[in-house]
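Observations on chain architecture
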There are 2 protein chains.
Amino acid sequence: MTDRYHHGDLRRALIDAAVEAVGEAGPSALSLRAVAKRAGVSHAAPAHHFGDKAGLLTAVAAEGFDRFADALEAAWRDFGEFGAVGAAYVRFAIDHRPYFEVMFRPELVHTDDPDLLRAEARSREALHRGSGGAGSGAAFNAAALGAWSLAHGFAELLIAGNFPQAVKDDPEAAFKAVARATGEIRD
Amino acid sequence: MTDRYHHGDLRRALIDAAVEAVGEAGPSALSLRAVAKRAGVSHAAPAHHFGDKAGLLTAVAAEGFDRFADALEAAWRDFGEFGAVGAAYVRFAIDHRPYFEVMFRPELVHTDDPDLLRAEARSREALHRGSGGAGSGAAFNAAALGAWSLAHGFAELLIAGNFPQAVKDDPEAAFKAVARATGEIRD
DNA sequence: GGAACAACTTGACACTGTCAAGACCGCTGC
DNA sequence: GCAGCGGTCTTGACAGTGTCAAGTTGTTCC
């Protein structure tokens, strides 16, 4: 099972092509046929590898959540404070925008995909660790949910173009200022 | 210019049909032809009224922002505190989910539409008033942006199914608890 | 009553996702 | 060395999509 017969690694190439295409026109404008053309294969090749369009986007989202977890873990390891983790959250949304645009859209992916669920759980745990909440417990952790909401809302509003130029110029500094203003950072 | 020739008020009917359709399958699965069928007109009627698909969704988003502004203004008028305004933000996302799913998606609408811009400005102002920031000023207001991010992130994560059952059971109370935990509410 | 015009319909086009069938390829077993 | 096999990808088809040009229907104004 070398996973590379004719093309080499078509699965990899298709995911890359999909990420490129999403980066150019957003996930709703994604066309399987355009992805296939970009990868230099026939129009039905993507469906063969991923089942359907949602399957391809599921693979993109899973890979995105893995990279996302890496970024959040690194921020927590290097700085050990929520400000840095939240800033990494925001930076990821900017630097890996195509991934981010797919990751939190349940209607675009197969939400029960095992690989997606695993990667999601990794991200969730990294974020939870980085927002002060140690144990999850039965009831919800208000502070952790607040930290998540703050970072996620900031990232979403930012990439949707709702923030003034001053924020776009230095998003990480802006986020830290905002987090400090809301009492999330106490130093 | 009575705006009602054959059908009565087709524009109104098409918007209602679009909202219904978005509510059932999300905005990315919206089909102009399905909307037309739902309203009982020919398949090209929506394009005639709204120019194209984005035009129809623009009308939906504009109407959404108007209702949104109404809700935020009412919450501020009746309670005068951010907790209530934020809770109204979250409730709107739940109760008028089809609108909300279109409102913050620039790639789905004509972002330069005058009616949309007007309604957006109304919402923005109502929210700004409800989050403590009185004057907008040249630089950005960190506290106001934080309040917006918190409410928006909470709403997005909630309707995307990322929160535990306890939050879904009483979203408004959960939001207030979260806002209090992040220091947004000081009473 | 006819002209001007807006509101819609009809028909067509290129494009989309998906599916069944087949062709191609590299490996295994003999 | 070669037959068979299974996975990889292609080909061809289908119904459905958004959009556009042209035509039809109805309303209003003179």
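As a convention, each chain's residues are numbered from 1 in the sequence order in which they are written. Chain labels run from A onward and ligand labels from 1 onward, assigned in the order the entries are written. Given that the model is predicted, a residue must reach a pLDDT of at least 70 before its local features are reported, and side-chain atom pairs must reach 80 or more before they are shown or counted; all residues, however, enter totals for whole chains, interfaces and linings. With hydrogens and water stripped out, all remaining heavy atoms of the structure feed into the side-chain values.

Named according to an unreviewed UniProt entry, chain A is Transcriptional regulator, TetR family originating from Glycomyces harbinensis.

**Focus on the relation of the copies chain B and chain A**
So the rule is basically this: Copy-to-copy alignment: least squares on C-alpha atoms, limited to residues at pLDDT 70 or above in both. What makes two residues a contact is simply this: any of their non-hydrogen atoms within 4.5 Å.
Between chain B and chain A, which share one sequence, the superposing operator has a rotation angle of 180° and an axial displacement of 0.0 Å; the RMSD is 0.0 Å. Taken together, the rotation angle and the small translation identify this as a two-fold axis. When C-alpha distances to the rotation axis are compared across chain B, the minimum falls at Gly153(B), with a value of 1.7 Å. In this assembly, 100% of the residues forming the interface of chain B have copies in chain A that are likewise at the interface, indicating an isologous arrangement.

**Let's talk about the packing of helix α4 (residues 53-79) of chain A against helix α5 (residues 82-95) of chain A**
Helix-helix packing is characterised by the crossing angle of the two axes and by the distance between the axes. All names here are of chain A. Filter applied, for reference: For helices, the fitted line uses only the C-alpha atoms of the stretch in contact; every axis is such a line through C-alpha atoms, and the angle between N-to-C directions lies from 0 to 180 degrees. A run of H or I in DSSP becomes a helix once it reaches four residues, and a run of E becomes a strand once it reaches two; helices and strands are each numbered from the N terminus. Angular relationships are summarised with four words: roughly parallel below 35 degrees, roughly antiparallel beyond 145, roughly perpendicular across 65 to 115, and oblique for the angles in between. Take the far helix as the reference: if the near one is turned anticlockwise from it by less than a right angle, the crossing is left-handed, and if turned clockwise, right-handed. In this classification, the charged set is Asp, Glu, Lys and Arg, the nonpolar set is Ala, Val, Leu, Ile, Met, Phe, Trp, Tyr, Cys and Pro, and all remaining amino acids, among them Gly, are polar.
Orientation of α4 relative to α5, taken along the N-to-C sense of each, is 150°, at an axis distance of 8 Å. Put simply, α4 runs roughly antiparallel to α5. Here α4 and α5 pass one another in a crossing that is right-handed. Between α4 and α5, the residues in contact are Gly64, Arg67, Phe68, Ala71, Leu72, Ala75, Trp76 and Phe79 and Phe82, Ala84, Val85, Ala88, Tyr89 and Phe92, respectively. A per-class count over the contact of α4 with α5 returns twelve nonpolar, one polar and one charged.

**Here's the deal with α5(A)**
Residues and elements named next belong to chain A. How we decide: Under the convention used throughout, the expected extent of a helix is 1.5 Å for every residue step, that is, one less than its residue count. When accessible area is computed with a 1.4 Å probe and restricted to protein chains, residues below 20% of their type maximum are described as buried, those above 50% as exposed, and intermediate ones as partly exposed.
In this model α5 runs 20 Å from its N-terminal to its C-terminal C-alpha over 14 residues, within 8% of the 20 Å that 1.5 Å per residue would give. Burial within α5 is extensive, with eleven of its 14 residues counted as buried. Within the span of α5, buried status applies to Phe82, Gly83, Ala84, Val85, Gly86, Ala87, Ala88, Tyr89, Val90, Phe92 and Ala93. At its buried positions, α5 is contacted by α4, α6 (97-103), α7 (114-130), α8 (142-159) and α10 (171-181).

**Overview of the packing of aromatic side chains**
All names here are of chain A. Heads up, the condition is: In summary, the pairing rule links any two rings of Phe, Tyr or Trp, Trp by its six-membered ring, whose centres are within 6.5 Å, and it sorts them by plane angle into stacked for under 30 degrees, edge-to-face for over 60 and tilted for everything else.
Inspection of the entire model under this criterion finds 18 aromatic pairs over all chains. Seen in terms of ring centroids, tyrosine 89 and phenylalanine 100 are 6.2 Å apart; in terms of plane orientation they differ by 75°. Their pairing is edge-to-face. Of this pair, tyrosine 89 sits in helix α5 while phenylalanine 100 is found in helix α6, placing the two residues eleven residues apart along the sequence. Residue class for tyrosine 89 comes out buried when judged on its relative accessible area of 0%. A centroid spacing of 5.0 Å and a plane angle of 50° characterise the contact between phenylalanine 154 and phenylalanine 163, whose relative ring orientation is tilted. Comparing phenylalanine 154 with phenylalanine 163 shows no difference in burial state: the two are buried. By way of ring pairs, the aromatic residues Phe65, Phe68, Tyr89, Phe92, Phe100 and Phe104 are connected into one cluster.

**Here's the deal with the UniProt feature "DNA-binding region" (unreviewed entry) in chain A**
Cut-off, in case you're wondering: UniProt positions are given in the numbering used here, feature names are shortened, and annotations may be inferred rather than shown by experiment.
With numbering aligned to this structure, UniProt lists the feature "DNA-binding region" (unreviewed entry) at residues 31-50 of chain A. Measuring from the first to the last C-alpha atom of residues 31-50 of chain A gives 14 Å, for a span that is 70% helix and 0% strand.

**Observations concerning the UniProt feature "domain: HTH tetR-type" (unreviewed entry) in chain A**
Per the UniProt record, "domain: HTH tetR-type" (unreviewed entry) is found at residues 8-68 of chain A. Here residues 8-68 of chain A is 75% helix and 0% strand, with 27 Å between the C-alpha atoms at its ends.

**Re the interface of chain B and chain A**
Selection rule: Only one rule defines a salt bridge in this text: a Lys or Arg side-chain nitrogen within 4 Å of an Asp or Glu carboxyl oxygen. The definition of a polar contact used here is a pair of N or O atoms within 3.5 Å, where within protein one atom must be able to donate a hydrogen and the other to accept one, and adjacent residues in sequence count solely through side-chain atom pairs.
Tallying the contact residues gives 35 residues for chain B and 35 residues for chain A. Our enumeration of links across chain B and chain A arrives at zero salt bridges. The interface formed by chain B and chain A includes two residue pairs in polar contact (both at pLDDT 80 or more). Secondary structure elements with two or more residues in the side of chain B that touches chain A: α8 (142-159), α9 (165-169) and α10 (171-181) of chain B. Looking at which element gives the most residues to the side of chain B that touches chain A, the answer is α8(B), with 13 residues.

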